Every structure is written in structure tokens, then in C-alpha cells.
Amino acid sequence: MPTAMIADDEPLLRSQLRARLATLWPELAIVEEASNGLEALAVFDREAEQSVPDLCFLDIHMPGLSGLEVARRIRESAREHGRDGAHEGAARAPHLVFITAFDQHAVEAFEHGAIDYVLKPFDTDRLAETVERLKDRLAGGAPSMSSGDAHALTLLAAKLARLQPPRRATLQWIKASVGSTVRLIPVEDVQYFHADDKYTRVLTSDGEALIRKPIKELVAELDPSRFWQVHRATIVNTHAIAGVVRGQKDSADLKLKGRPETLTVSRAYLHLFRQM
């Protein structure tokens, strides 16, 4: 039974990829998950060969270490522990698949040899192609990392750096009214925003506050990898989502980690939670 690790700092995206892989490749066992580059690297620093997964899905952008840096160090670790295939009978290093949010115009940067990619949000057809290639490589004993991979990773990093647009500054603090006082709320503490008449409610795990900024402006200012609009009147912090319950009439409900209420996901935003 082939094994794999998924490394991505977004829990919902890890869950989404795991669910789609379960459908496309039921025999694949997801034995490890990592929420940052350092956690991912720790898996491959182990000397016990049986603990090293066959495949590694690495998000390009993760806290701690990028997916590209993790890939470089995995290769170095494989060489140190005899898993680079240089010796007959040595266990193979993992086959790498990069996870990226770059659009279709950037994917040519990944087209080199054994290194594959999947795009966020995940496309089932594209992921199915990746699965078939990985099955062929595992079945045929194809090298997971060639001697030219270090150079290939360097070229890939350079190409992605040129393709990536400058990162815009995102909102870090919310200046909100709580009764007669003004409170500064770090955006990471916000569970969700909800439009309410002339105001927008800012809900945290320990209370709520009001701001005059409309949902439309907030969407443009918040980090899109963390804050998702799920309804015309609601933006949710993905780190605050505890679970998704499918509803009726093309809707779903979100359960939160720090608040008792549930949030409705309207039909226009259901694609964010497919296959979960």
C-alpha cells in the first residue's frame, strides 16, 4: 500500500486534498500531515526507513520553510540515509508533488522531469492525471529524485519568483467600537465578519464589536488564503472552522471552534468546500 504526506498550512485545504485523493486513489494511505515546512522536514529526518512516505504533497508557500526548501532538504536527507537510490536495494526518496495557487499560465514552470504539481483550488481532472503518473512511477520503479533535481529545484524557484506578483499588504488590525470604547482587534482573533444593516459585526471567541467598513471592502483588504467569503454578508476565518455540514437546497453550514452559532454557506461559495 503506497503512503503519502500532505504538507500545507491550511487545514481545510489539507482536508480537501485528502478527501479527493481518497476518491481517486483509495489504496493510498495518508500517514503524515504537516502544517508548516519544519514539521514536513521532521518526517524525512527520521532514520527509520519504514517511517518515510512514498509520496510528498508540498505546498510551495508554508511558514518556517517553503515547499521548495523542504524538497531540497529531503533530497539531502535521502542521500545521508541511503534513500537516494544510489545503491542497489536502497529505499527510495519520496516522489514530490508541489501544491501551488499559481494560475494556469504559470504551470510551465513545473514541467520538468519527475517533479509534479497540483493547483489550488484543487481540480479533480488535473489531480487524476497526477495520480495516474504517480501510480506509473511507483509501479515502474522510476527514480523519485534524479541527480539533476537540485538544479531543477533552483530553476523552479527562480521561475516562480519572477511569476509571482508583488504581495499586497493585508489588513492586520481591526479598529472597532465596543460600547463607548474603541478596541484594536488583531485580525487573526476574528472568527467571522457579518454585515448587519449599516454596520459590520466583528465576532471573536470572547465577544463582538462593530465597524462601519462594508463586507465588500473587507474582502479586498483581508488575506484571501485565510479569510473566505461564504455568503454575501459573511466572511469567515478558515482557522476558526471546526467542521462543514452539508445542508439542503445547495447550501452548507459551518461549525466554529470558538462560537456556538453556525454560519450558512450560500450556493455561490459551495465550491470552496466540495469533496470535504
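Caption draft 1: Structural view of the nonpolar core. One finds L17, L21, F57, V236, L254 and F273 to be the most contacted residues of the largest nonpolar core, which totals 30 residues. Listed by contribution, the elements that provide at least two residues to this core are β1 (3-7), α1 (11-24), β3 (55-59), β4 (95-100), α4 (124-140), β11 (227-231), β14 (252-256) and β15 (262-265). Among the elements that line this core, the one with the most residues is α1, at 4 residues. Residues in contact with V236, not counting those within four places in the same chain, are Q191, Y192, R226, F227, W228, V230, I241, L254, L256 and L263. One finds A34, V52, L65 and F98 within the second-largest nonpolar core, a separate group that totals 19 residues.

Caption draft 2: Up close: the packing of aromatic side chains. Applying the stated rule across the entire model yields 1 aromatic pair. Centre to centre, the rings of F193 and F227 are 6.0 Å apart; their planes meet at 55 degrees, and the pair counts as tilted. You can see F193 sitting in strand β8 (residues 190-196) and its partner F227 sitting in strand β11, a full 34 residues away along the chain. The same class applies to F193 as to F227, namely buried.

Caption draft 3: Layout of the sheet that holds strand β13 (residues 241-246). Taken in spatial order, the 3 strands line up as β13-β14-β15 in an open sheet, and their pairing is antiparallel. The outermost strands of the open sheet, each flanked by one partner alone, are β13 and β15. Within this sheet the neighbouring strands show an average axis-to-axis angle of 25 degrees, counted without direction. Relative to β15, β14 runs antiparallel, the two being bridged by 4 bridges. Note that in β15 the partner of A252 across the bridge is V265.

Caption draft 4: Layout of the pattern of salt bridges. Counted according to the given criterion, the structure contains 9 salt bridges. Close ionic contact of R73 with E69 constitutes a salt bridge, the shortest N to O distance being 3.0 Å. In this pair, R73 and E69 both sit in helix α3 (residues 67-80), 4 residues apart, roughly one turn of the helix. Relative accessible area serves as the criterion here: at 24%, E69 is assigned to the partly exposed category. Where D206 meets R183, a salt bridge forms, and the shortest distance between an N and an O atom there is 3.8 Å. Taken as a pair, D206 in the loop between β9 (199-204) and β10 (207-211) and R183 in strand β7 (residues 181-186) lie far apart in primary sequence, 23 residues in all. Each of R14, R18 and E33 takes part in one network of salt bridges that share partners.

Scoring rules and cut-offs
- Residues numbered from 1 in each chain as written.
- Predicted model: local features only at pLDDT ≥ 70, side-chain atom pairs only at ≥ 80, totals over all residues.
- Heavy atoms only, no water.
- Core = buried A, V, L, I, M, F, W, Y, C linked by side-chain atoms within 4.5 Å.
- Buried < 20%, exposed > 50% of the residue type's maximum accessible area, 1.4 Å probe, protein only.
- Helix = DSSP H or I, 4+ residues; strand = E, 2+ residues; numbered from the N terminus.
- Contact = heavy atoms within 4.5 Å.
- Phe/Tyr/Trp six-rings, centres within 6.5 Å; stacked < 30°, edge-to-face > 60°.
- Pairing = 2+ DSSP bridges.
- Axes fitted to C-alpha atoms, helices over the stretch in contact; angles between N-to-C directions.
- Salt bridge = Lys/Arg side-chain N within 4 Å of Asp/Glu carboxyl O.

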